[in-house]
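Residue-level structure breakdown
This is what each chain is made of:
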Amino acid sequence: MRTAILASGRGSNLQALIEAINLGRLPIEIVAVGSDQLGTRALKRSEDAGIPTRVFPINRYPDRRAQEEDILNWMRENQVQLLLLAGYMRVLGPDFIAQVNFPILNIHPSLLPAFPGLHAQRQALEYGVKVSGCTVHLVDEGLDSGPIILQEAVPVLAGDTEESLAQRILEVEHRLYPEAVRLFVVGKVERFGRRLRILQQEGLE
Ligand code: GAR
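Conventions we followed
- Residues numbered from 1 in each chain as written.
- Predicted model: local features only at pLDDT ≥ 70, side-chain atom pairs only at ≥ 80, totals over all residues.
- Heavy atoms only, no water.
- Domains from an automatic or database assignment.
- Contact = heavy atoms within 4.5 Å.
- Buried area = accessible area lost by both parts, 1.4 Å probe.
- Salt bridge = Lys/Arg side-chain N within 4 Å of Asp/Glu carboxyl O.
- Polar contact = N/O pair within 3.5 Å; in protein donor to acceptor, adjacent residues only side chain to side chain.
- Helix = DSSP H or I, 4+ residues; strand = E, 2+ residues; numbered from the N terminus.
- Nonpolar A, V, L, I, M, F, W, Y, C, P; charged D, E, K, R; others polar.
- Buried < 20%, exposed > 50% of the residue type's maximum accessible area, 1.4 Å probe, protein only.
- Arc of directions from axis to C-beta.

Overview of the domain arrangement of the protein chain
Taken as a whole, the protein chain is organised into domain 1 (1-102) and domain 2 (106-205). Distance from the C-alpha centre of domain 1 to the C-alpha centre of domain 2: 20 Å. Counting from both sides, the interface comprises 19 residues of domain 1 and, opposite them, 17 residues of domain 2. Of the roughly 1400 Å² buried where domain 1 meets domain 2, counting both sides, 74% is carbon and sulfur surface. The largest share of the area that domain 1 buries against domain 2 comes from Asn13, Leu85 and Ile97, three residues that together contribute 32% of it. Summed over the shared surface of domain 1 and domain 2, the number is zero salt bridges. Counting every contact that joins domain 1 to domain 2 gives three residue pairs in polar contact (both at pLDDT 80 or more). Put simply, the parts of the chain that give the side of domain 1 that touches domain 2 at least two residues each are helix H1 (12-22), strand S4 (82-85) and helix H4 (94-99). Broken down by element, the side of domain 1 that touches domain 2 gets its largest block of residues, five residues, from H1. Partitioning the side of domain 1 that touches domain 2 into residue classes produces 15 nonpolar, two polar and two charged.

So, in structure tokens, the structure goes:
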């Protein structure tokens, strides 16, 4: 499945996806990586893996629509069949979502619907929850509101800072995202309205 990835920063989830593909655990091909930021580690990681990159800096466009139009054209050029957001820190507009006729997946560092948007780990700490986690979901026109594929809980510890909690969640993300994408692309995710059911996990068949 021809896959594009959008990433704004460090790209550790992108790296986890690349490694899962290299280990034969994830049957997709990353054909292009895009970013809204110049000079990020995500771009460097892609180049190191031999994946073509493109940058879409928002300040080079008259408005968000124009930037998203460019991203849509880039995906068409690359005959993309699946889009994965991996730390892409911009909300995709409704026009963009409406024009994409293939699935878009995202990973978010909280147990949605709790703490959508930016700084999810800070929101969790400030709220005082004892458990947070991460969620892989389909992207719809809302903010982190699409149907959920997989979630996993991560404890919040008494001495946690935003960084320590983010790091604990990130370790789970690196396992959860490739697994959720795999289940999705091999057809093990069945949809009932906004509820997604995982069919026959290996070992249980
Ligand atoms: C990850 O924790 C990801 O879940 C989060 O940004 C981080 C990116 O790390 N995404 C969001 O908050 C999206 N709203 P990475 O660049 O090392 O993959």
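A closer look at helix H5 (residues 120-127)
Residues of H5 that are buried: Ala120, Gln121 and Ala124. An end-on view of H5 places all buried positions within 100 degrees of arc, on one side of the element. Against strand S5 (104-108), strand S6 (131-138) and helix H6 (162-185) lie the buried residues of H5. A positive phi of about 90 degrees marks Gly128, the residue just after H5.

Some words on the environment of Glu152
Inspection of the secondary structure assignment puts Glu152 in strand S7 (residues 148-155). With 43 residues separating them in the primary sequence, Glu152 and Pro109 have C-alpha atoms 9.9 Å apart. Apart from residues lying up to four places away in sequence, Glu152 is in contact with Leu111, Ser132, Gly133, Cys134, Val172, Arg175 and Leu176.

With respect to the pattern of salt bridges
On inspection of all chains with the given rule, the structure shows eleven salt bridges. Note that Asp36 and Arg90 form a salt bridge whose closest N and O atoms lie 3.2 Å from each other. Here Asp36 is found in the loop between strand S2 (29-35) and helix H2 (41-48), whereas its partner Arg90 is found in the loop between S4 and H4, with 54 residues between them in sequence. Classification of Asp36 as buried rests on a relative accessible area of 6%. Its relative accessible area of 30% is what places Arg90 among the partly exposed residues. Between Arg122 and Glu162 there is a salt bridge, with the nearest N and O atoms lying 3.0 Å from each other. Highlighted residues: Arg122 in helix H5 and Glu162 in helix H6, separated in sequence by 40 residues. Given the relative accessible area of 33%, Arg122 is considered partly exposed.

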